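Per-entry structural report
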Amino acid sequence: MTPVLIVPGLFGSEEAHWQSAWLKDHPESRLVRQENWDRPRVTEWLDALEAELERAGEAYIVAHSLGSVLAARLAGRPAARRVKGALLVAPCDLDVTDKLHPGSIGFGTMPTERLPFPSILVGSLNDHYMSLERLTYFARLWGSDLRNAGLAGHINVASGYGRWPGGYRLFDILKHKTRHLEKIPQRKHSPGREVPLA
């Protein structure tokens, strides 16, 4: 079974977070750890993600918030070839995050390269970490399928998201898409589009 790498956001994912439930519900999943969840630095964290990908051989990524931005930084790096697909949930806008949590992150600018692996980008109408306009913009740049979760905030515990069955369904869609693309290697995955999340 293909491993699933869970990549949390700033401050990590607490016990009640849907990512923590994912780790319990899916034995093939593993947490990508790093030194300091309160003050993550992109170089060290990216090294940890790439080491996990190397260890896995190939893997899916399920990321949230700042973790989604980290996963997008794989574009153009050799480790990206080991990513079968990525579910990127509620990515945070780095400028906004830096204003909300001054001095907490050292991530530079937002990644803008197209992702070389299939991806689904999930966001909401009222996420204070990234506007819908910016979400749509990055979905287009990254080549991700965009899913709009409606009034879902940052899709975290504060927004009422503990165990998240809808996330499991989206992951199934991602796996189906990946299998389809493997059968048609010359076809590129579709550009970002906004589709309401049931």
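Right, let's walk through the structure included here.

Cut-off values and rules
Residues numbered from 1 in each chain as written. Predicted model: local features only at pLDDT ≥ 70, side-chain atom pairs only at ≥ 80, totals over all residues. Heavy atoms only, no water. Salt bridge = Lys/Arg side-chain N within 4 Å of Asp/Glu carboxyl O. Helix = DSSP H or I, 4+ residues; strand = E, 2+ residues; numbered from the N terminus. Buried < 20%, exposed > 50% of the residue type's maximum accessible area, 1.4 Å probe, protein only. Polar contact = N/O pair within 3.5 Å; in protein donor to acceptor, adjacent residues only side chain to side chain. Contact = heavy atoms within 4.5 Å. Arc of directions from axis to C-beta.

Under the definition given, this model contains 10 salt bridges. Ionic pairing is found between Lys 84 and Glu 58, a salt bridge with its closest N-O pair at 3.9 Å. Here Lys 84 is found in strand S4 (residues 83-89), whereas its partner Glu 58 is found in the loop between helix H2 (42-56) and strand S3 (59-64), with 26 residues between them in sequence. Looking at Lys 84, the relative accessible area reads 15%, which means it is buried. The exposure class assigned to Glu 58 is partly exposed, which follows from its relative accessible area of 38%. The salt bridge partner of Asp 172 is Lys 175, with a shortest N-O separation of 3.7 Å.

Glancing now at the side chain of Glu 52. With respect to the helices and strands, Glu 52 occurs in helix H2. Here the side chain of Glu 52 touches Arg 55 through a polar contact of 3.1 Å, side chain to side chain. With near-sequence residues (within four places) excluded, Glu 52 lies in contact with Leu 5, Arg 30, Leu 31 and Val 32.

Taken together, the buried positions of helix H5 (residues 132-142) are Leu 135, Phe 138, Ala 139 and Trp 142. Down the axis of H5, the smallest arc covering the buried residues is 105 degrees, so these residues share one side. Exposed positions of H5 whose direction lies more than 90 degrees from the buried face are Glu 133 and Arg 140. Residues of H5 that are buried sit in contact with helix H3 (66-72), S4, strand S5 (119-123) and strand S6 (145-148). Two residues or fewer after H5 comes Gly 143, characterised by a positive phi angle close to 75 degrees.

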